Amino acid sequence: RKYRVNIYNVHSVLYCCLPYHRADAFRRIIGILYVRGTRWAWVEGLQKTDSAFDRKLFTKQCVRNQTFLNFVLQANKDSAEDKNASASLVSFLFFVVSEYVGFQTDISEELLVKILSYCVFPGIKSKNKDSQAAALLVACQLSVKVA
């Protein structure tokens, strides 16, 4: 209670917990976070549910909320630049981007540049093998969508 991370560090707490979105602990953590009026306000509706969160929920949120998409892409870039990044975090973030690309009917040039610069290029340059493999998969999926 002294540091009130549930109020002042919502962004960091969620960043750490996202890969474990199917766990009971994630639901408890979501329940104690103060998200009203923040960029995580969309999580407020999830605080009352008892069911596990599907990864597709986060993909749909990327489609609806450009801020969340930007967060996922920036987190992808950060995890690719960290050679000791958690494999579960890397796989979760790249899966969300991959599902987001698959959900799109057409890819605009702006979106293509954003995904390439925040996800694919840093992933390929990464020293983390998981990031490299995931970036190549996203690049393949983008090539199919754009072609």
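In this numbering scheme, every chain counts its residues from 1 along its sequence in written order. Thresholds applied to this predicted model are a pLDDT of at least 70 for local features of residues and 80 or more for the giving and counting of side-chain atom pairs; totals over whole chains, interfaces and linings are not thresholded and use all residues. As a convention, hydrogens and water are excluded, and side-chain values are obtained from all of the structure's heavy atoms.

K.L.:
I keep staring at the overall build of the chain and nothing clicks. Help me out?
P.N.:
Runs of E in the DSSP output that reach at least two residues are strands. Runs of H or I that reach at least four are helices, and both are numbered from the N terminus. Across its full length, the chain carries 8 helices and 0 strands. Each helix and strand of the chain, placed in order from N terminus to C terminus, yields the pattern α-α-α-α-α-α-α-α. What you see for the chain is a C-alpha radius of gyration of 16 Å, in line with the 15 Å of a compact globule of 147 residues. Think of it in three bands: residues with accessible area under 20% of the maximum for their type are buried, residues over 50% are exposed, and the middle band is partly exposed, with areas taken using a 1.4 Å probe on protein chains only. Burial status across the chain gives 40% buried among its 147 residues. Per-residue and other accessible areas follow the Shrake-Rupley method at a 1.4 Å probe size, with only the shown protein chains counted as cover for residues. Here the chain has roughly 8600 Å² of accessible surface; of this, 55% comes from carbon and sulfur atoms. Positive charges come from Lys and Arg alone, negative charges from Asp and Glu alone, with His and the N- and C-terminal ends not counted. Positions of charges follow a simple convention, taking NZ of Lys, CZ of Arg, CG of Asp or CD of Glu. Each charge class in the chain can be summarised by its mean position, and for the 20 positive and 12 negative side chains these summaries are 6 Å apart. Radius of gyration: C-alpha atoms only; globule rule: 2.2 Å multiplied by the number of residues to the exponent 0.38.

K.L.:
Looking at this structure, I do not really get the nonpolar core. What am I missing?
P.N.:
It is characteristic of soluble globular proteins that their nonpolar side chains tend to be buried jointly. Only buried Ala, Val, Leu, Ile, Met, Phe, Trp, Tyr and Cys residues count toward a nonpolar core, and they belong to the same one when joined by side-chain atoms within 4.5 Å. Membership of the largest hydrophobic core comes to 41 residues, with the highest contact counts inside it found for W40, F58 and I115. Those elements that place two or more of their residues in this core are α2 (10-17), α3 (24-32), α4 (55-64), α5 (66-81), α6 (87-103), α7 (109-125) and α8 (129-146). Of all the elements, α6 adds the most residues to this core, at 9 residues.

K.L.:
Which parts of the structure should I look at to understand the packing of aromatic side chains?
P.N.:
How two aromatic rings sit relative to each other is set out by the distance from centre to centre and by the angle between their planes. Pairing of aromatic side chains here covers Phe, Tyr and the six-membered ring of Trp, requires ring centres within 6.5 Å, and sorts the geometry by plane angle: under 30 degrees stacked, over 60 edge-to-face, intermediate tilted. All chains considered together, the criterion is met by 10 aromatic pairs. A ring pair is formed by W40 and F71, whose centres lie 5.0 Å apart and whose planes are at 80°; its orientation type is edge-to-face. Of the two residues, W40 is situated in the loop between α3 and α4 and F71 in helix α5; the sequence distance between them amounts to 31 residues. Assessed through its relative accessible area of 4%, W40 is described here as buried. Both rings, one in F58 and one in F92, keep their centres 5.5 Å apart while their planes meet at 85°; by these two values the pair is edge-to-face. Of the two residues, F58 sits in helix α4 while F92 sits in helix α6, which places them 34 residues apart along the sequence. In terms of burial, F58 and F92 fall into one category: buried. Following the ring pairs from residue to residue traces out a cluster consisting of Y15, W40, W42, F58, F68, F71 and F92. The lysine or arginine in question, R55, covers the ring of F95, its NZ or CZ lying 4.4 Å from the ring centre. Geometrically, a charge over a ring is one whose NZ (Lys) or CZ (Arg) sits within 6 Å of the ring centre while staying within 35 degrees of the ring normal. The ring of Y118 has K77 lying over it, and the distance from NZ or CZ to the ring centre is 5.3 Å.

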